[in-house]
Amino acid sequence: LDDHPVAHHRVRDVPVPSAVMSLGGILHRIWIWGPLVAYVFLIFYLSGLSQIPWAPSYPDYVAHSTEYMGLAILTARALNNGLLRPFTARTLALAFLLCLANAVIDECYQYFVPDRFADVRDVLSDAAGAGAGLLGLRFSRRLLVRGGVT
């Protein structure tokens, strides 16, 4: 414009560690984060259905807590970059908070789905399942370490 240097940063100008851009690094991130992303999409897909075919055969609190137990384990796994490293309390707390936020958003979403409704008890069941999954993950990891199975 006025012959003064202007910083025009482009994506190609941003330094990226080679480990991030290597095929192995990309595949590792897909392996770690892919199941979590797929599971979250599955939860929101099922929440968008007016009726879930197998849901009436189980009590609602069992379905919710089991669903969010799986979500919590996958979330902690992704945040921890796998299951082999020890889980810090901070990682587990962040995983729990993310699951809780997902539960609240999911119930708000269900409010707008025909023949579905939002229920605080569902969020509590989700939180209980997430907490149980994370506690199980924490204690099973301790047992594996004590047994020398790391």
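Residues numbered from 1 in each chain as written. Predicted model: local features only at pLDDT ≥ 70, side-chain atom pairs only at ≥ 80, totals over all residues. Heavy atoms only, no water.

A. Structural view of helix H4 (residues 89–111). Helix length check: H4, at 23 residues, gives a terminal C-alpha distance of 33 Å against a target of 33 Å (1.5 Å per residue), a fit within 8%. Where H4 is concerned, the buried positions are Thr91, Leu92, Ala95, Cys99, Asn102, Ala103, Asp106, Glu107 and Gln110. (Helix = DSSP H or I, 4+ residues; strand = E, 2+ residues; numbered from the N terminus. Expected span 1.5 Å × (residues − 1). Buried < 20%, exposed > 50% of the residue type's maximum accessible area, 1.4 Å probe, protein only.)

B. Here's a closer look at the nonpolar core. Among the nonpolar cores identified, the biggest contains 18 residues, and Tyr68, Leu71, Ala76, Cys99 and Leu134 are the most heavily contacted of them. Mapped onto this core, the elements with two or more residues apiece are helix H2 (23–47), helix H3 (60–79), H4 and helix H5 (120–146). Here the element with the most residues in this core is H3; it accounts for six residues. Among all residues touching Cys99, those that are not within four sequence positions of it are Tyr68, Leu71, Ala72, Thr75 and Ala130. (Core = buried A, V, L, I, M, F, W, Y, C linked by side-chain atoms within 4.5 Å. Contact = heavy atoms within 4.5 Å.)

C. Local environment of the packing of aromatic side chains. Scanning the model with the defined rule gives two aromatic pairs in all. Ring geometry for Phe44 and Tyr109: centres 5.9 Å apart, planes at 55°, overall tilted. Taken together, the residues span a long stretch of sequence, with Phe44 in helix H2 and Tyr109 in helix H4 at a distance of 65 residues. (Phe/Tyr/Trp six-rings, centres within 6.5 Å; stacked < 30°, edge-to-face > 60°.)

D. Representation of the packing of H3 against H4 within the structure. For the pair H3 and H4, interaxial distance at closest approach is 9 Å and the crossing angle is 135°. Between H3 and H4, the interaxial angle falls into the category oblique. Considering the relative orientation of H3 and H4, their crossing is right-handed. Contacts between H3 and H4 pair His64, Tyr68, Leu71, Ala72, Thr75, Ala76 and Leu79 from the former with Thr91, Leu92, Leu94, Ala95, Leu98, Cys99, Asn102, Ala103, Asp106 and Glu107 from the latter. A per-class count over the contact of H3 with H4 returns eleven nonpolar, four polar and two charged. (Axes fitted to C-alpha atoms, helices over the stretch in contact; angles between N-to-C directions. Parallel < 35°, antiparallel > 145°, perpendicular 65-115°, else oblique. Left-handed = near helix turned anticlockwise from the far one by under 90°. Nonpolar A, V, L, I, M, F, W, Y, C, P; charged D, E, K, R; others polar.)

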